Amino acid sequence: MSGRKASGPGTQAVEAGRKKEWTGPVVNPPVWRASTHLYEDTAALAKGRPNVDGNFYYGRRGSPTQWALCDALTQLEPGAFGTLLYPSGVAAIAGALMGILDAGDVLLITDNAYEPSRNMAEMLLKPFGIETRYFDPRDLDAFPHAFCDRTRAVLLESPGSLTMEICDVPALAAIARKKGALSLIDNTWAGPLGFPAFERGCDISIMALTKHVGGHSDLMMGSVAAKDEEIYTRLRQRAQLLGQVVSPDDAALALRGLRTMPLRLARSSETALAIAEWLRDRPEVAHVLCPMLPGSPGHDLWKRDFTGGCGLLSFVLKGRRPDAVSRLIDGLEMFGIGFSWGGFESLAIPFEPSRARSATSWPPEGWDRDDRFGVRLAIGLEDRDDLLHDLEQGFAAMERA
Ligand SMILES: *Cc1c(COP(=O)(O)O)cnc(C)c1O
């Protein structure tokens, strides 16, 4: 060993998880498709094998393909003790929440959370006796008053889903810690390369690997990284009780995506920023919601706390109704219409988030009441000028009422 620390994100993504014991003499760990792991004899079977990571036992506890992915994700996340895999991003959020909460606990959720996280609180956690309250992530003065003596965890998301608010994660996490609660963050937007969640005070970092890690719109998976052994052990035990496992084929796809993630993120961030600048100058646009854009809401915090971005941004139209938003999106030829993001191809969907907000208002204070219907863009790897041309067409179609 030279003792050299692989510091660049590109190098880290290339090297992470490629232990000789997983890969053998080839570059990538083979796809170990296995339910049964065989034992030498009945004595070995009777003796059993310890329930620790990286130990052949039975398919539900994974094989070297999944272990290599866990290892790689842990190495990419500064300060992580370990990482668990789940069959989707939503399963990862559910796994993290059900992993640490018990009946009687109170959970605080940021008001700009991903809508399925809110649904989970109401329809999954509540029947299990876990209560949820929502808070405005940008009101640091009010935040300490959101806690009670049963508050056990806080779920953050920055930037927020659809509306892209950046919150002061270090400040919120410090308050949560003082109140004896764990901070979880849905870190799908920036990922560990763009937001080192543990260095910013969080205890658990959740990612939909479906997005940037997969990167090719052909995979569903989620991960939960824990900061220390105690949290990790508890999450792992509950994941095993819930029977969570991902297929080795999908783990191999995720590993393949991971290798080029820094390149793809750099490219889509650069194009997204150029598109955000272009949108800012359009007369039809009231607000561009893109933390990477100077002057945009949250840009200062983004600059302070983040080391990268991605291709996901939103914009709100000036005084337009949903039919105008539909004409704009239907007028696009290159952008696909569909959920998810982080793939190589660009996507567009309409949004109006007010039904998924309860502690804050939409449109936000200070905006014109009629500026509320928007478009979320997921920028892929196409050429910038082609995407701009397509958006130009969309705006033209919007005017052809
Ligand atoms: C997509 C998404 C998820 C869920 O991921 P799936 O793999 O689709 O279940 C979670 N959080 C955020 C912020 C997302 O955008």
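Criteria and thresholds
Residues numbered from 1 in each chain as written. Predicted model: local features only at pLDDT ≥ 70, side-chain atom pairs only at ≥ 80, totals over all residues. Heavy atoms only, no water. UniProt positions renumbered as here; feature names shortened; annotations may be inferred. Buried < 20%, exposed > 50% of the residue type's maximum accessible area, 1.4 Å probe, protein only. Helix = DSSP H or I, 4+ residues; strand = E, 2+ residues; numbered from the N terminus. Pairing = 2+ DSSP bridges. Right-handed = clockwise from strand over helix to strand, strands pointing away. Domains from an automatic or database assignment. Contact = heavy atoms within 4.5 Å. Buried area = accessible area lost by both parts, 1.4 Å probe. Near = heavy atom within 4 Å. Polar contact = N/O pair within 3.5 Å; in protein donor to acceptor, adjacent residues only side chain to side chain. Areas by Shrake-Rupley, 256 points an atom, 1.4 Å probe, with all protein chains shown as cover. 1 Å grid on protein atoms, 1.4 Å probe; cavity = no way out; pocket = protein on both sides within 12 Å on 5 of 7 lines; lining within 4 Å. Sits in = over half its atoms within 2 Å of the grid points. Nonpolar A, V, L, I, M, F, W, Y, C, P; charged D, E, K, R; others polar. Points joined across faces, edges and corners; volume = space filled by probe spheres on them. Axes fitted to C-alpha atoms, helices over the stretch in contact; angles between N-to-C directions. Phe/Tyr/Trp six-rings, centres within 6.5 Å; stacked < 30°, edge-to-face > 60°. Lys NZ or Arg CZ within 6 Å of the ring centre and 35° of its normal.

Going by the annotation in an unreviewed UniProt entry, the name recorded for the protein chain is Cystathionine beta-lyase MetC, with Croceibacterium atlanticum given as the source organism. Under the heading Sequence similarities (unreviewed entry), UniProt records this for the protein chain: "Belongs to the trans-sulfuration enzymes family."

## Here's the deal with the pairing of strand S4 (residues 151-157)
Within S4, six of the seven residues are buried, which leaves it mostly tucked inside the rest of the structure. Relative to strand S5 (residues 182-186), S4 is paired through five bridges, and the arrangement is parallel. Paired with Glu 157 across the two strands is Asp 186, which belongs to S5. Since S4 and S5 lie parallel, the crossover through helix H7 (residues 169-178) that links them has a hand, and here it is right-handed.

## Some thoughts on the domain arrangement of the protein chain
In terms of domains, the protein chain is made up of domain 1 (9-256) and domain 2 (261-399). Its C-alpha centre places domain 1 at a distance of 27 Å from the equivalent point of domain 2. Each partner contributes to the interface: domain 1 provides 39 residues, whereas domain 2 provides 37 residues. Of the roughly 3300 Å² buried at the junction of domain 1 and domain 2 (both faces included), carbon and sulfur atoms supply 62%.

## With respect to the environment of Ser 326
Mapped onto the secondary structure, Ser 326 falls in helix H12 (residues 322-330). For Ser 326, a relative accessible area of 35% corresponds to the partly exposed category. C-alpha of Ser 326 to C-alpha of Ala 397: the two residues are 71 residues apart in sequence and 9.6 Å apart in space.

## Observations concerning the site of the ligand
Taken together, the neighbourhood of the ligand is formed by 14 residues, with Gly 89, Val 90, Asp 186, Thr 210 and Lys 211 sitting nearest. One nitrogen or oxygen atom from the main chain of Gly 89 is found 2.8 Å from an oxygen atom belonging to the ligand. Computed on the free molecule, the ligand has an accessible area of 380 Å², of which 91% lies beneath the protein chains in the complex. More than half of the atoms belonging to the ligand lie within 2 Å of the grid points that define the largest pocket. Among the elements that line the shell around the ligand, the one with the most residues is helix H5 (residues 89-100), at three residues. Residue composition of the shell around the ligand, grouped by class: six nonpolar, five polar and three charged.

## Description of the environment of Asn 112
Secondary-structure assignment places Asn 112 in the loop between strand S2 (106-110) and helix H6 (115-125). As for Asn 112 and Glu 165, which are separated by 53 residues in sequence, their C-alpha atoms are 7.6 Å apart. When near neighbours in sequence (up to four residues on either side) are disregarded, Asn 112 contacts Pro 137, Glu 157, Gly 160, Ser 161, Thr 163, Glu 165 and Arg 357. One polar contact links Asn 112 to Thr 110, side chain to side chain, over a distance of 2.8 Å. Engagement of the side chain of Asn 112 in a polar contact is seen with the side chain of Glu 165, the distance being 3.2 Å.

## As for empty space enclosed by the protein
If you walk through the whole model with that rule in mind, you get two cavities of 30 Å³ or more. The calculated volume of the largest cavity comes to roughly 110 Å³. As for the largest cavity, its lining consists of 15 residues, and the residues nearest its centre are His 212, Ser 268, Gly 342, Gly 343 and Ile 379. At three residues, the largest contribution of residues to the lining of the largest cavity is made by helix H10 (residues 248-280). Classifying every residue of the lining of the largest cavity by side-chain character gives eight nonpolar, six polar and one charged. As for the second largest cavity, its lining consists of Leu 73, Glu 77, Thr 83, Ser 205, Met 207, Ser 223 and Ala 225. When contributions to the lining of the second largest cavity are tallied by element, the ones reaching two or more residues are strand S6 (204-208) and strand S7 (222-226). A class-by-class count of the residues in the lining of the second largest cavity yields three nonpolar, three polar and one charged.

## Focus: the sheet that holds strand S3 (residues 131-135)
The mixed open sheet is built from seven strands, whose spatial order is S1-S7-S6-S5-S4-S2-S3. Of all the strands in the sheet, the pair left with one neighbour each is strand S1 (82-86) and S3. Pairs of neighbouring strands in the sheet enclose a mean axial angle of 20°, with direction left out of account.

## Quick notes on the packing of aromatic side chains
Considering all chains together, one arrives at 12 aromatic pairs under this definition. Judged by centre distance (4.6 Å) and plane angle (40°), the ring pair of Phe 195 and Phe 306 falls under tilted. Of this pair, Phe 195 sits in the loop between helix H8 (191-194) and S6 while Phe 306 is found in the loop between helix H11 (299-305) and strand S9 (312-317), placing the two residues 111 residues apart along the sequence. Comparing Phe 195 with Phe 306, the two get one shared label, buried. Judged by centre distance (5.2 Å) and plane angle (65°), the ring pair of Trp 362 and Trp 367 falls under edge-to-face. Its relative accessible area of 10% is what places Trp 362 among the buried residues. Grouped by ring-pair contacts, the aromatic residues Trp 22, Trp 32, Phe 56 and Trp 67 constitute a single cluster. The ring centre of Tyr 39 lies 3.7 Å from the NZ or CZ of Arg 49, which sits over that ring. For the cation-ring pair, Arg 118 lies above Tyr 134, with the distance from its terminal atom to the ring centre recorded as 4.0 Å.

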